[in-house]
Amino acid sequence: MSAEDSNPAATPTPCVDTQGDGRWMSLHNHFVSNSKDKEPDVLFVGDSLVQLLHQFEVWRELFSPLHALNFGVGGDATQHVLWRLSNGELAHISPKVVVLWVGTNNHGHTAEQTCGGIMAIVQLIKDKLPNAQTVILGLLPRGKMPNPLRDRNARVNKLVQEAVSSLPHASLLNHCYHQMSLIVAFVCLAPLEFD
Amino acid sequence: MDIAITLCVNVYCVVSDRMSGDEMNPAAVAQAVVDVQGDDRWMSQHTRFVLECKDAEPEVLFIGDSMVQLMQQYEVREHGHLCVLLCLLCCWVRHPKSPAADPRTIVTRGRECTDVPYKRAISVDHASCQFNLHFKVWRELFSPLHALNFGIGGDTTCNVLWRLQNGELDNIWPKVAVVWVGTNNYEHSAEQVAGGIFAIAQLLTSRLPKTKVVVLGLLARGERPNPLREKNAAVNGLLRSLLPQLGQAQFLDVGEGFVHSDGTISTRDMFDFLHLTSAGYRAIAKPLSDLLLQILEETPEERRASLV
């Protein structure tokens, strides 16, 4: 049994239609066919935080000009994103950057398992898009007051930070503004590789 | 004849809150959401709404599920840490050309924006849709009416009933209450859902006898025809006959135009085939806003009295 099989967060799993209108699969098919005639430089993939980004004005202002595609699906956990990317959503595109934001919906999974799911996605992207950089967005705090999910999300971020530290093709961008130093580092180190 | 009898029986069962066999309609039973995720957000939102009631003097109250909640969300212009992400992305892709260069080019190059004229009263030309930064539905149409938004994503009729019975109607006397809920009642039949919505309307008219109640019809959902569309349509049909029995309540169907001639719903109107986009909200806002203004203008005496 491989490591992925023992981690449910890292096992590609489609969403089962429990509601009755097949929306998850409709969206996945929509993304696959969408990708056939587009040439995005940036791909956003993840859960509702990605999906809703597409609905706000800020998408048109900041990200549309970069030729960005949005493959966010509300409610998705890492195993769902893994399934989608393994089943066609990366088949027809070669973005330079993939922005990955997922993990807050991994209810029932430990922080370690969730990190494993995120890193499995990073590996999949590397396999399918060898020249792409992956930017992982840190999980945000949630809930009005301190609560176990905040602790878990923070721990996921810490584990992911450690995991990507040795990877040239992936990085973590946390919501902490102190990460500006990370930005400066990338500006200096990788300016000319993606013309 | 059979259909007429069935409808009468259904309506009777719904009005009496009893299903056959005298059980309570489960969709009309007040129920709080249990925190299974671990951050207690539903209760936090409910508590915040109860607090809002203490100071607010709304003329319009919106209550329901995510369809209500999202109506207020599309105007946030928080860029914050996204600008940091943008800097990063700019380093890795070719430098974006100025968006002011050619609006029409952006419309086609970006490929993400809505480039189809809207079917409804508000028409937006292709180029200006990029830069007018959207008709601000809540701020322009509903904020001026001193509206409160008590929508919570995922709520069923049971959850809304619980919230209304546990503080969200305290100390407010809105002239109109807009109710939009029912699409999340997955465990219930169309008759039960209609009964749950009717129970909410009954609660509002009994707690606030001077308040008019507007119940919005459930929208179609899913990319293609499916059982939930039929169920939502059946709920709407039942509500049309039921609500007039409550003198202060009325039904408003805002769903026209979302289902195209080939039976599909577009992501331009519902980004996930359920939740409305900014364009989708624009389409429903006009008939709703017109009705609200009409109702508010019908009660001039009270308004003048309150100003004196």
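Identification of chain B as Platelet-activating factor acetylhydrolase IB subunit alpha2 from Esox lucius is taken from an unreviewed UniProt entry. The annotation that UniProt attaches to chain B under Subcellular location (unreviewed entry) is "Cytoplasm". Quoted verbatim from the Sequence similarities (unreviewed entry) heading of the UniProt record, the comment on chain B is "Belongs to the 'GDSL' lipolytic enzyme family. Platelet-activating factor acetylhydrolase IB beta/gamma subunits subfamily."

As annotated in an unreviewed UniProt entry, chain A carries the name Platelet-activating factor acetylhydrolase IB subunit alpha1 and is attributed to Esox lucius. Annotation of chain A in UniProt includes, under Sequence similarities (unreviewed entry), the sentence "Belongs to the 'GDSL' lipolytic enzyme family. Platelet-activating factor acetylhydrolase IB beta/gamma subunits subfamily." Heading Subcellular location (unreviewed entry) of the UniProt record for chain A holds this comment: "Cytoplasm".

The subject of this paragraph is the overall build of chain B. Looking only at helices and strands, one finds 12 helices and five strands in chain B. Within chain B, the proportion of its 308 residues that are buried is 53%.

The next point concerns the sheet that holds strand E4 (residues 212-216) of chain B. Adjacent strands of a sheet form backbone hydrogen bonds with each other and so pair up, either parallel or antiparallel. Residue and element names in this part refer to chain B. The sheet built from five strands is open, its strands ordered E2-E1-E3-E4-E5 with parallel pairing. Each end of this open sheet is capped by a strand with a single partner; those strands are strand E2 (147-151) and strand E5 (249-252). The mean angle between the axes of side-by-side strands here comes to 20 degrees, regardless of whether they run parallel or antiparallel. Against the sheet, helix H9 (residues 190-207) engages strand E3 (176-180) and E4, with an angle of about 165 degrees to E4.

For the rest of this paragraph, the subject is the packing of H9(B) against helix H10 (residues 227-242) of chain B. Angle between the axes and distance between the axes: these two values describe a pair of packed helices. Residues and elements named next belong to chain B. The geometry of H9 relative to H10 is characterised by a closest axis approach of 8 Å and an angle of 45 degrees between their N-to-C directions. The pairing of H9 with H10 is recorded here as oblique in orientation. Here H9 and H10 pass one another in a crossing that is right-handed. In this structure, H9 uses Ala 190, Glu 191, Val 193, Ala 194, Ile 197 and Phe 198 to contact H10, whose residues at the interface are Lys 231, Ala 234, Val 235, Leu 238, Leu 239 and Leu 242.

Residues and elements named next belong to chain A. Its 17 residues give helix H7 (residues 148-164) an end-to-end C-alpha distance of 24 Å, which sits within 8% of 24 Å, the value for a rise of 1.5 Å per residue. Buried residues of H7: Leu 149, Arg 152, Asn 153, Val 156, Asn 157, Leu 159, Val 160 and Val 164, and no others. Of the surrounding elements, those touching the buried residues of H7 are helix H6 (111-128), strand E4 (133-137) and strand E5 (170-173). Between the side-chain oxygen of the N-cap and the backbone nitrogen of Leu 149 there are 2.9 Å, and the N-cap of H7 in question is Asn 147.

On to the UniProt feature "domain: SGNH hydrolase-type esterase" (unreviewed entry) in chain B. Look at the UniProt record and you will see "domain: SGNH hydrolase-type esterase" (unreviewed entry) annotated at residues 147-283 of chain B. Measuring from the first to the last C-alpha atom of residues 147-283 of chain B gives 19 Å, for a span that is 36% helix and 14% strand.

Rules used in this analysis
- Residues numbered from 1 in each chain as written.
- Chains lettered and ligands numbered in written order.
- Predicted model: local features only at pLDDT ≥ 70, side-chain atom pairs only at ≥ 80, totals over all residues.
- Heavy atoms only, no water.
- UniProt positions renumbered as here; feature names shortened; annotations may be inferred.
- Helix = DSSP H or I, 4+ residues; strand = E, 2+ residues; numbered from the N terminus.
- Buried < 20%, exposed > 50% of the residue type's maximum accessible area, 1.4 Å probe, protein only.
- Pairing = 2+ DSSP bridges.
- Axes fitted to C-alpha atoms, helices over the stretch in contact; angles between N-to-C directions.
- Contact = heavy atoms within 4.5 Å.
- Parallel < 35°, antiparallel > 145°, perpendicular 65-115°, else oblique.
- Left-handed = near helix turned anticlockwise from the far one by under 90°.
- Expected span 1.5 Å × (residues − 1).
- Polar contact = N/O pair within 3.5 Å; in protein donor to acceptor, adjacent residues only side chain to side chain.

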